[in-house]
Amino acid sequence: MGRGKLRIYLGAAPGVGKTYAMLSEAHRRVERGTDCVVAFVEHHRRPRTEVMLHGLEQVPRRELEYRGGLFTEMDVDAVLRRAPAVALVDELAHTNVPGSRHAKRWQDVEELLAAGIDVVSTVNIQHLESLGDVVESITGVRQRETVPDEVVRRADQIELVDMSPPALRRRMAHGNIYKSDKVDAALSNYFRPGNLTALRELALLWVADRVDEYLTEYRSEHRVSKIWGSRERIVVGLTGGPEGRTLIRRAARLAEKGAGGEVMAVYIARSDGLTAASPKELALQRTLVEDLGGTFHHVVGDDIPASLLDFARGVNATQIVLGSSRRKAWQYVFGPGVGVTVARESGPDLDVHIVTHEEVAKGRGLPVARGARLGRSRIIWGWLIGVGGPVVLAVLLNTIDLGLANDMLLFLAVTVAAALLGGLLPALASAAFGSLLLNYFYTPPLHRLTVADPKNIVAIVIFVGVAVSVASVVDLAARRTHQAARLRAESEILSFLAGSVLRGETSLEALLERVRETFAMESVALLERVNDVEPWTCAGSVGPDPSARPEDADVDMPVGDHMALALSGRVLPASDRRVLAAFAAQAAVVLDRQRLQHEADQAKELAEGNRIRTALLAAVSHDLRTPLAGIKASVSSLRSDDVAWSEEDQAELLEGIEDGADRLDHLVGNLLDMSRLQTGTVAPLIREIDLDEVVPMALGGVPEDSVDLEIPESLPMVAVDAGLLERAVANLVENAVKYSPLDQRVLVAASAIAKRVEVRVVDRGPGVPDEAKDRIFAPFQRYGDAPRGNGVGLGLAVARGFAEAMGGTLNAEDTPGGGLTMVLTLRAVDRGPAPSAVAERQVS
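Given the structure is predicted, the values throughout are model-derived calculations rather than measurements. Along each chain, the written sequence defines residue order, and numbers are assigned to residues from 1. In keeping with the predicted nature of the model, local features appear solely for residues at pLDDT of at least 70, side-chain atom pairs appear and are counted solely at 80 or more, and the whole-chain, interface and lining totals rest on all residues. Hydrogens are left out, water is left out, and the side-chain values use all remaining heavy atoms of the structure.

So, the overall build of the protein chain
Phase 1: Runs of H or I in DSSP of at least four residues are treated as helices and runs of E of at least two as strands, each being numbered from the N terminus. Broken down by element type, the protein chain carries 24 helices and 24 strands.
Phase 2: When a residue's accessible area, from a 1.4 Å probe over protein chains only, is under 20% of the maximum for its type it is buried; when over 50% it is exposed; and in between it is partly exposed. Relative to its 844 residues, the protein chain shows a buried fraction of 45%.
Phase 3: For the protein chain, long-range pairs separated by at least 24 residues make up 71% of all intrachain contacts whose partners lie at least 6 apart in sequence.
Phase 4: What sets the accessible areas is the Shrake-Rupley method with a 1.4 Å probe; for residues, cover comes only from the shown protein chains. Surface accessibility of the protein chain: about 42900 Å² in total, with carbon and sulfur atoms responsible for 54%. In what follows, residue pairs with any heavy atoms lying within 4.5 Å of each other are defined as contacts.

Spelled out as structure tokens, the structure:
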């Protein structure tokens, strides 16, 4: 039998019509012949809702007595026996009356779903667990009844039941939601227009996010690359220049105009090494876009327009925002620019916005610091002009007679152009080839490689000299320009490293990731060893398959005698190693800082241990003295020859000795356990066990009639240390019994949730305020410092320590109706889907 399907009607507030919509759906299904029953529906005496129950089969509810009152809850067993195709279960976040099968109604629903029954349910947005703080800040009311977001998120269908705030207030005023005596108070408090509008926005946005997740999943499964403009997603193309902040703000304003607009800023770095973008400026722009609710992305790509369009289509963007080009007018001869190319290639589904800014036409300002002095394309163009230019010029000059002087000037211009583009070698080739053509075509005697007039020989020599000189100067200027750009990029990176030192940044992985991005590497690892004989060990790495030894890497940078930075991906030119050396030195500093911090933490732990030992001595001198004194007094009395003790008196004295010994045993056990936790010597032996094998054994220290135990046989096994678990549960139960009224039993119940199992120890005592719930787990703490009962305040601290040692958690919650509930969460053993894993998917 497969798992049932869950359909949820989600509303922004009570009274929007969720239950009415659910019952309407039930009538439609019954008319279609579907076996549909009402498992639990609360009409709250609303006439129109109550009328909708007519004609629907209702499963009888289970009656429970609690604190002198009679309450009704959904009878899960009755629904399972009835086994309908569809069950209606209202109010998914409802907390069941103590004594019910599960603590929460959504847990009942999970059991029905696991049995193959489809469930239709309702919930309000304020009951989602993740929105509790937001709802409290809006309404001033803290929702005690919540449901985990994952339970709702994984529903097969979520239908929003919407109503405008004025319409909902009119419905309230007409008495269709609450009784007339509560209407005025509700309208002036929870149902204020501002509250309802904010809750409505929360509901709409939450549902929109879920729809967006479904859409992304569908596009991924069906490999849809075409952009679907379901919501406005705006991609901002950044260059690292100061105009980026203007573009981000403009994109944020565009996003505000559309419903659910989203801004994604992307910086595309070349893969050929160092980039000239300012790390400081990029950091400022990252902070700005995140403050405006957007996200920042770093992408590597050589073809910037193509990479930008690929990113935009990958995230299903609808708009791209780019800045107007910083190129000067003459620079357009080398290409149309990124903005024009993106606009031309974007297609009909992507709108491209070109935004003006103060840096327009002021020059690039951020030269690309490449590994080579000149780009490959420039060198190719230089050779084409240096070799092909003189030929083309000679063909043209054969049709026009301009004189030898003008001919030489034109050939000199071609040589200068070759130098500007390709550097010295293409210019030298152009000068040599041009001089030959001048000699052959334009210097008498024509069409011979001889010169009749000595003056022409001087002119040709001067031409070659000027050409070579100009080419050398141009090539030197190009070298110096690229060296300056490179030095600027290096200085910015070194500035970033110095700033990280001053800021005290200690993340080795973040620094190595920066190295990987800067040098366009696949992986980076920081290796170290104790001496020249010992093998290398990895102190930190990023990227796939990092090198295990420096000699295995494409680039290795030694740091001292026994440390090295190993990079894999490509071979770096020698000019890049200077900056790499700075990164390597910084990595060593960061590693030392991390280790110093670790030693400081250890010192802090030792200091805390000393504090605990001091408290232990105080506990021994105070709390152990009382039972010892009682035992000694009883033994002295029994051994005394002055008094003839009756059998009853002797039995009473022996009982006092036994009680004192038990107290000593309990106190010493907790003291030893806390000492083991503080010194880190607790080594749990994890194995798979059933809770019903351990939990009953933990109840031996409390009266037999003081605890109710509810551990379903269908629970999955848990991965725990049986001894630690027994001790933790025993401490929790003893604490609960100590603070519970004499006429109220402590409830120990277990349930499965997703891939974990919860053990709840529920008492009906005075409870603990929220601000003290964490403090009660500290050693030597008793709530309110009250000397009630015996002990030194270690029971809960030991229980939490054992729980965390087994990979679990221990937290305190309020018991509905008053009291305290200790929730011990353990890791369940995953054996695949099975009927026993009833609640496996309750929050997954």
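A short note on a nonpolar patch on the surface
Phase 1: What makes a patch is a set of residues exposed beyond 30% relative accessible area and free of salt bridges, joined within 9 Å when like-charged and within 5 Å when nonpolar (Val, Leu, Ile, Met, Phe, Trp, Tyr). Salt-bridge detection follows one rule: a side-chain nitrogen of Lys or Arg within 4 Å of a carboxyl oxygen of Asp or Glu. A contiguous nonpolar surface patch, about 410 Å² in accessible area, is contributed by I379, W383, V387, L425 and L428.
Phase 2: Elements represented by at least two residues in the nonpolar patch include exactly α14 (376-397) and α16 (424-442).
Phase 3: No other element matches α14, which puts three residues into the nonpolar patch.
Phase 4: Among the structural elements, L425 can be located in helix α16.

Focus: the confidence of the model for the protein chain
Phase 1: Per residue, pLDDT measures the predictor's confidence, with a range of 0 to 100. Taken as a whole, the protein chain shows an average pLDDT of 78; of its residues, 78% reach a score of 70 or greater.
Phase 2: Every residue in residues 785-792 scores below 50 in pLDDT, and together they form 17 contacts with partners more than four places removed in sequence or on other chains.
Phase 3: Below a pLDDT of 50 lies the segment residues 833-844, which in the model reaches 38 contacts outside its immediate sequence neighbourhood of four places, other chains included.

Quick notes on helix α1 (residues 18-31)
Given 3.6 residues to a turn, an α-helix orients residues that are three or four positions apart in the same direction.
Phase 1: When the terminal C-alpha atoms of α1 are compared, their 20 Å separation across 14 residues agrees well with the 20 Å that a helix rising 1.5 Å per residue should span.
Phase 2: For α1, the secondary structure elements touched by its buried residues are β1 (6-11), β2 (36-40), α2 (47-51), β6 (86-89), β7 (118-124) and β8 (157-161).
Phase 3: Of the residues trailing α1, G33 is marked for its positive phi of about 95°. Given a helix with a known number of residues, its expected span is that number minus one, times 1.5 Å.

Some points on the packing of α14 against helix α15 (residues 404-422)
Phase 1: Two numbers describe how α14 lies on α15: the axes approach to 7 Å, and their chain directions differ by 165°. Considered as vectors, α14 and α15 are oriented roughly antiparallel to each other. For the crossing formed where α14 meets α15, the hand is right-handed. On α15, the residues that touch R378, I379, W381, G382, I385, G386, G389, P390, L393, A394 and L397 of α14 are D407, L410, F411, V414, A417, A418, L420, L421 and G422.
Phase 2: Ten residue types, Ala, Val, Leu, Ile, Met, Phe, Trp, Tyr, Cys and Pro, are classed as nonpolar, four, Asp, Glu, Lys and Arg, as charged, and the remainder, Gly among them, as polar. Taken together, the residues of the contact of α14 with α15 break down into 14 nonpolar, four polar and two charged. In this analysis an axis means a line fitted to C-alpha atoms, helices contributing only their contacting stretch, and an angle means the value between N-to-C directions, from 0 to 180 degrees. Orientation is classified from the angle alone, with under 35 degrees giving roughly parallel, over 145 giving roughly antiparallel, 65 to 115 giving roughly perpendicular, and any other angle giving oblique. Each helix crossing is assigned a hand: it is left-handed if the near helix lies turned anticlockwise from the far helix by less than a right angle, otherwise right-handed if that turn is clockwise.

Brief notes about the nonpolar core
Phase 1: Judged by nonpolar contacts, the single largest core of 65 residues is most densely connected at L88, L92, V147 and W206.
Phase 2: Among all residues touching L88, those that are not within four sequence positions of it are M22, L23, A26, C36, V37, V38, A39, F40, V41, L56 and V120.
Phase 3: Nonpolar core, defined: a set of buried Ala, Val, Leu, Ile, Met, Phe, Trp, Tyr and Cys residues in which side-chain atoms within 4.5 Å join the residues together. In this structure, A698, A728, V798 and A828 belong to the second largest nonpolar core, which totals 45 residues.

Considering a negative patch on the surface
Phase 1: On the surface, a cluster of negative charge is made up of E647, E648, D649, E652, E655, E658, D659, D662 and D665.
Phase 2: The topology assignment puts D662 in helix α21 (residues 647-679). The convention is simple: Lys and Arg are positive, Asp and Glu are negative, and His and the chain ends are not counted. By convention, the charge on Lys lies at NZ, on Arg at CZ, on Asp at CG and on Glu at CD.

A few points about the side chain of D149
Phase 1: Mapped onto the elements of the fold, D149 is located in helix α6 (residues 149-153).
Phase 2: The side chain of D149 sits in the buried core without any salt bridge; R153 is the nearest counter-charge, 4.1 Å away.
Phase 3: The residues contacting D149, other than those within four sequence positions of it, are L128, E129, S130 and W206.

Some remarks on the sheet that holds β7
Phase 1: Should DSSP find at least two bridges between two strands, the strands are taken to pair. Pairing within the open sheet is parallel, and its six strands lie in the order β3-β2-β6-β7-β1-β8. Only two strands of the sheet have a single partner each, and these edge strands are β3 (57-58) and β8.
Phase 2: Strands in contact with α1 are β1, β2, β6, β7 and β8; relative to β1, the strand with the most contacts, it is inclined by about 145°.

As for the sheet that holds strand β16 (residues 555-558)
Phase 1: One open sheet holds the four strands; their spatial order is β15-β14-β17-β16, and the pairing between them is antiparallel. What marks the edges here is a single partner per strand, and that holds for β15 (537-542) and β16. With strand direction ignored, the average angle separating the axes of adjacent strands in the sheet is 20°.
Phase 2: Alignment of β16 against strand β17 (residues 563-568), held across four bridges, turns out to be antiparallel. In the sheet register, D556 faces β17, and the bridge partner there is A566.
Phase 3: Contacts from helix α18 (residues 508-518) reach β14 (523-528), β15 and β17, with the element oriented near 65° to β15.

Some thoughts on the packing of α14 against α16
Phase 1: The contact between α14 and α16 brings their axes to 8 Å, and the two run at 15°. The angle between α14 and α16 places the two elements in the roughly parallel class. Between α14 and α16 the crossing geometry is right-handed. Residue-level inspection shows G382, W383, G386, V387, P390, V391, L393, A394 and L397 of α14 in contact with α16, the latter providing L425, P426, A429, S430, F433, G434, L437 and Y442.
Phase 2: A per-class count over the contact of α14 with α16 returns 13 nonpolar, four polar and no charged.

Quick word on the packing of aromatic side chains
Phase 1: Between 30 and 60 degrees the pair is tilted, below 30 it is stacked and above 60 it is edge-to-face, where a pair is any two Phe, Tyr or Trp rings, Trp via its six-membered ring, whose centres lie within 6.5 Å. Per the counting criterion, the structure on display carries one aromatic pair.
Phase 2: Our definition puts a charge over a ring when NZ of Lys or CZ of Arg is within 6 Å of the ring centre and also within 35 degrees of the ring normal. Lying over the aromatic face of F777, R800 brings its terminal NZ or CZ to 3.9 Å of the ring centre.

Here's the deal with the environment of A203
Phase 1: By the secondary structure assignment, A203 is in helix α9 (residues 193-221).
Phase 2: Expressed as a C-alpha distance, the spacing of A203 and L160, which sit 43 residues apart in the sequence, is 7.8 Å.

Some words on the pattern of salt bridges
Phase 1: Scanning the model with the defined rule gives 24 salt bridges in all.
Phase 2: A salt bridge links K773 to D814, with the shortest nitrogen-to-oxygen separation between them at 2.8 Å. With a gap of 41 residues between them, K773 in the loop between β22 (756-762) and α24 (795-805) and D814 in strand β23 (residues 809-814) connect regions that are remote in the sequence.
Phase 3: A relative accessible area of 34% means that D814 is categorised as partly exposed.

Re the pairing of β22
Phase 1: Counted residue by residue, β22 has six buried out of seven residues, so it is predominantly covered.
Phase 2: Pairing geometry for strand β21 (residues 746-753) and β22, over seven bridges, is antiparallel. If you follow A750 over to β22, its bridge partner there is V759.
Phase 3: Counted between consecutive antiparallel strands, the loop separating β21 from β22 contains two residues, among which A754 sits at a positive phi close to 55°.

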